[in-house]
Amino acid sequence: MQGPRWLERGMKHVWLPYSQMQTTVPPLPAISTRGRTITLADGSELTDGIASWWTACHGYNHPHIRAAVSAQLECMPHVMFGGLVNEPALTLASRLAAMLPGDLERVFFTDSGSVAVEVAMKMAIQYWLNRGRTGRTRLLAFRGGYHGDTMATMAVCDPEEGMHSLYQGALPEHFIADLPVDADSVRALDELLAQSGDSIAAIIVEPLVQGAGGMLFHSPDVLRNLRMLADRHGVLLILDEIFTGFGRTGTMFACEQAGIVPDIITLSKALTAGTMALAATVARAHVFDAFLSDDPLHALMHGPTFMANAMACACANASLDLFEREDCLGGVARIARQMRTELEPCRSLPHVVDVRVMGAIGVVELDRIHDMNALKTALVAQGVWVRPFRNIVYLTPAFNITTSELGKLTAAIRTVLAQPV
Ligand SMILES: *Cc1c(COP(=O)(O)O)cnc(C)c1O
């Protein structure tokens, strides 16, 4: 295919994420999106199965979101959040506080998920310092976890898996444990906290689904165990809901399924329905209160240039409108049913070791993917945009995907996995 001129010219100068630039399959030139369809420069169309890393939960170019961004662009695209506030950001903060469980009510805005996690870590560490407790500077995180790509967040990701192990020598050391999924692992974690709790500021976990770690699911009991252990040993609990937040697992937030309230929660990805970069770190009242004092150094020491961007907050408010007006969670339940039925037959295909569905997350796990590039190319040839990684092929579609669009996606996966790859 003869690509557009900007493609050839620009490809000599961009550096792609997580890509071996010598051997990677060339990226496809996308020129427009609508609903669940991505159009390429040659006019061909792909049905999107992953909603741009599960952000575009209402599909692309939703008219309500588009109108909100356009209106905000007309009157005030951005104004600094130091000394000035803006209506979309303050409205969004109060709406998030009202939606989140318990007294998660104080919102700090940033512009990416990784930074939201860094802010959560800083909040937790400074929470103890402000209360006169020194030495609590470490985090407790879990194998299989992923919390971002920046230096501080890499240090709480799974240390062994390939993405970040190279950098280990440059990272601070935190505690990395097994998730407390059964009596033995609960006991092990209990002992670790009894021994080292005095040096730990907080536990951090992705609730119900470890996303980038391979879409690994765990039961809500794990979260109840973590809440119980955090309380017993007096450490904070951070839930990283950047992947799971806003309906993806079937409830608005994953923590609702466990009936627990974390001390701090991080949100991003679907927060703006995939339209603009925005993230939030939300703290409970008691966390915020530890920062109130006569001492200026007890203030939270963080402030990104583009925090609380008015257009991004307008997007997020428009997305929340859609959650209120449309039965998005009903859409998630419908998607779950259809994926269960239509992905289940993959179980009998070569190399498939598991098929699992939670909410609008469908996963086909293989024992290995022999030729990743061939698999990606074969999926595109079926007219779908699905991006396998590690040893899984997964779907995280928009919540308003039609039955026939989703049918096309599951059929493409069945067809491609039935061929030798
Ligand atoms: C994507 C993700 C992040 C990082 O967000 P970025 O916006 O890519 O920095 C952190 N935690 C979880 C659970 C994620 O899924």
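Higher on the page you've got the structure.
Let me begin by describing the structure that accompanies this report. What you see is a predicted model, and the numbers here were worked out from it, not measured in a lab. (Residues numbered from 1 in each chain as written. Predicted model: local features only at pLDDT ≥ 70, side-chain atom pairs only at ≥ 80, totals over all residues. Heavy atoms only, no water.)

**Considerations on the overall build of the protein chain**
Then step 1. Scanning the protein chain from N- to C-terminus turns up 13 helices and 16 strands.
Then step 2. Its C-alpha radius of gyration of 22 Å places the protein chain within 12% of the 22 Å reference for a compact globule of 421 residues.
Then step 3. Taking the principal axes of the C-alpha coordinates as reference, the protein chain spans close to 65 × 55 × 45 Å.
Then step 4. Every one of the 421 residues in the protein chain was classed for burial, and the buried ones make up 53%.
Then step 5. Restricting to contacts in the protein chain with at least 6 residues of sequence separation, those with at least 24 account for 71%. (Helix = DSSP H or I, 4+ residues; strand = E, 2+ residues; numbered from the N terminus. Rg over C-alpha atoms; globule rule 2.2 N^0.38 Å. Buried < 20%, exposed > 50% of the residue type's maximum accessible area, 1.4 Å probe, protein only. Contact = heavy atoms within 4.5 Å.)

**Regarding the site of the ligand**
Then step 1. Every residue lining the ligand is accounted for by Ser112, Gly113, Ser114, Tyr146, His147, Gly148, Glu206, Asp240, Ile242, Phe243 and Lys269.
Then step 2. Asp240 is positioned with one of its side-chain polar atoms (N or O) 2.7 Å from a nitrogen atom of the ligand.
Then step 3. With respect to the ligand, the side chain of Lys269 contributes an N or O atom lying 2.7 Å from an oxygen atom.
Then step 4. With the chains in place, 83% of the 380 Å² that the ligand exposes on its own is no longer accessible. (Near = heavy atom within 4 Å. Polar contact = N/O pair within 3.5 Å; in protein donor to acceptor, adjacent residues only side chain to side chain. Areas by Shrake-Rupley, 256 points an atom, 1.4 Å probe, with all protein chains shown as cover.)

**A word on the layout of surface pockets**
Then step 1. Of the pockets and cavities examined, the second largest pocket occupies roughly 450 Å³.
Then step 2. The wall of the second largest pocket is formed by 18 residues, among which Arg106, Val107, Phe108, Phe288 and Leu300 lie closest to the centre.
Then step 3. When residues of the lining of the second largest pocket are traced back to their parent elements, those giving at least two are α4 (87-99), β4 (104-110) and α9 (285-289).
Then step 4. Considering each element in turn, the lining of the second largest pocket owes the most residues, five residues, to β4.
Then step 5. Class assignment of the residues belonging to the lining of the second largest pocket gives a composition of 15 nonpolar, one polar and two charged. (1 Å grid on protein atoms, 1.4 Å probe; cavity = no way out; pocket = protein on both sides within 12 Å on 5 of 7 lines; lining within 4 Å. Points joined across faces, edges and corners; volume = space filled by probe spheres on them. Nonpolar A, V, L, I, M, F, W, Y, C, P; charged D, E, K, R; others polar.)

**Brief notes about the packing of aromatic side chains**
Where two aromatic rings form a pair, the distance of their centres and the angle of their planes describe that pair.
Then step 1. Under the defined criterion, the tally for this structure stands at seven aromatic pairs.
Then step 2. Note on Trp54 and Phe243: the rings are 4.4 Å apart at their centroids and 45° apart in plane angle, and the pair reads as tilted. Taken together, the residues span a long stretch of sequence, with Trp54 in helix α2 (residues 51-54) and Phe243 in the loop between β10 (236-240) and β11 (264-267) at a distance of 189 residues. Each member of the pair, Trp54 as well as Phe243, is classed as buried.
Then step 3. Considering the side-chain rings of Trp54 and Tyr394, the 5.8 Å spacing of their centres and the 70° angle between planes classify their relative orientation as edge-to-face. (Phe/Tyr/Trp six-rings, centres within 6.5 Å; stacked < 30°, edge-to-face > 60°.)

**Things to note about the sheet that holds strand β15 (residues 384-385)**
Working definition: the strands of a sheet are paired by backbone hydrogen bonds and lie parallel or antiparallel to each other.
Then step 1. Read from one edge to the other, the open sheet built from four strands follows the order β1-β2-β3-β15, with strand pairing classed as mixed. At either margin of the open sheet sits one strand with a lone partner, and together these are β1 (30-34) and β15.
Then step 2. In terms of strand pairing, strand β3 (residues 45-48) meets β15 through two bridges, oriented parallel. Counterpart to Asp48 in the pairing with β15 is Trp385.
Then step 3. Together, β3 and β15 form the strand contacts of helix α13 (residues 403-418), whose direction differs from that of β3 by roughly 95°. (Pairing = 2+ DSSP bridges. Axes fitted to C-alpha atoms, helices over the stretch in contact; angles between N-to-C directions.)

**Thoughts on the packing of helix α11 (residues 328-343) against α13**
Then step 1. At their nearest, the axes of α11 and α13 sit 10 Å apart, and the two run at 30° to each other. By the angle class used here, α11 and α13 are roughly parallel. When you trace α11 past α13, the crossing you get is right-handed. Along its contact with α11, which presents Arg334, Ile335, Gln338, Met339, Glu342 and Leu343, the element α13 presents Thr403, Leu406, Gly407, Thr410, Ile413 and Arg414.
Then step 2. Taken together, the residues of the contact of α11 with α13 sort by class into five nonpolar, four polar and three charged. (Parallel < 35°, antiparallel > 145°, perpendicular 65-115°, else oblique. Left-handed = near helix turned anticlockwise from the far one by under 90°.)

**Here's the deal with the packing of helix α7 (residues 183-196) against helix α8 (residues 220-233)**
Then step 1. The interhelical angle for the contact between α7 and α8, taken along N-to-C directions, is 25°, at an axis separation of 10 Å. Taken as axis vectors, α7 and α8 run roughly parallel relative to one another. As for the relative orientation of α7 and α8, their crossing is right-handed in sense. Contacts between α7 and α8 involve Val186, Leu189, Asp190, Leu193 and Ala194 from the first element and Asn225, Leu226, Met228, Leu229, Arg232 and His233 from the second.

**Some words on the pairing of β10**
Then step 1. Most of β10 sits inside the fold, with five of its five residues counted as buried.
Then step 2. Neither face of β10 is left uncovered, since the one carrying Leu236, Ile238 and Asp240 and the one carrying Leu237 and Leu239 both have all their residues buried.
Then step 3. Here strand β7 (residues 200-205) runs beside β10; their pairing, made up of four bridges, is parallel. If you follow Ile203 over to β10, its bridge partner there is Leu237.
Then step 4. Both β10 and β11 contribute to a ladder of three bridges, which runs parallel. The partner of Leu239 across the bridge, within β11, is Ile265.

**Concerning the pattern of salt bridges**
Then step 1. If you walk through the whole model with that rule in mind, you get 16 salt bridges.
Then step 2. Bridged by salt links that share partners, the residues Asp103, Arg227, Asp231, Asp263 and Arg284 form one connected network. (Salt bridge = Lys/Arg side-chain N within 4 Å of Asp/Glu carboxyl O.)

**Comments concerning the sheet that holds β10**
Then step 1. The mixed open sheet is built from seven strands, whose spatial order is β4-β12-β11-β10-β7-β5-β6. At either margin of the open sheet sits one strand with a lone partner, and together these are β4 and β6 (175-177). Each adjacent strand pair in this sheet contributes to an overall mean axis angle of 20°, direction not counted.
Then step 2. In terms of strand pairing, β4 meets strand β12 (residues 279-284) through six bridges, oriented antiparallel. Across the sheet, Phe108 pairs through a bridge with Thr281, a residue of β12.
Then step 3. In the packing of helix α5 (residues 113-130) onto the sheet, the strands contacted are β4, β5 (138-142), β7, β10, β11 and β12, and the crossing angle to β12 comes to about 25°.

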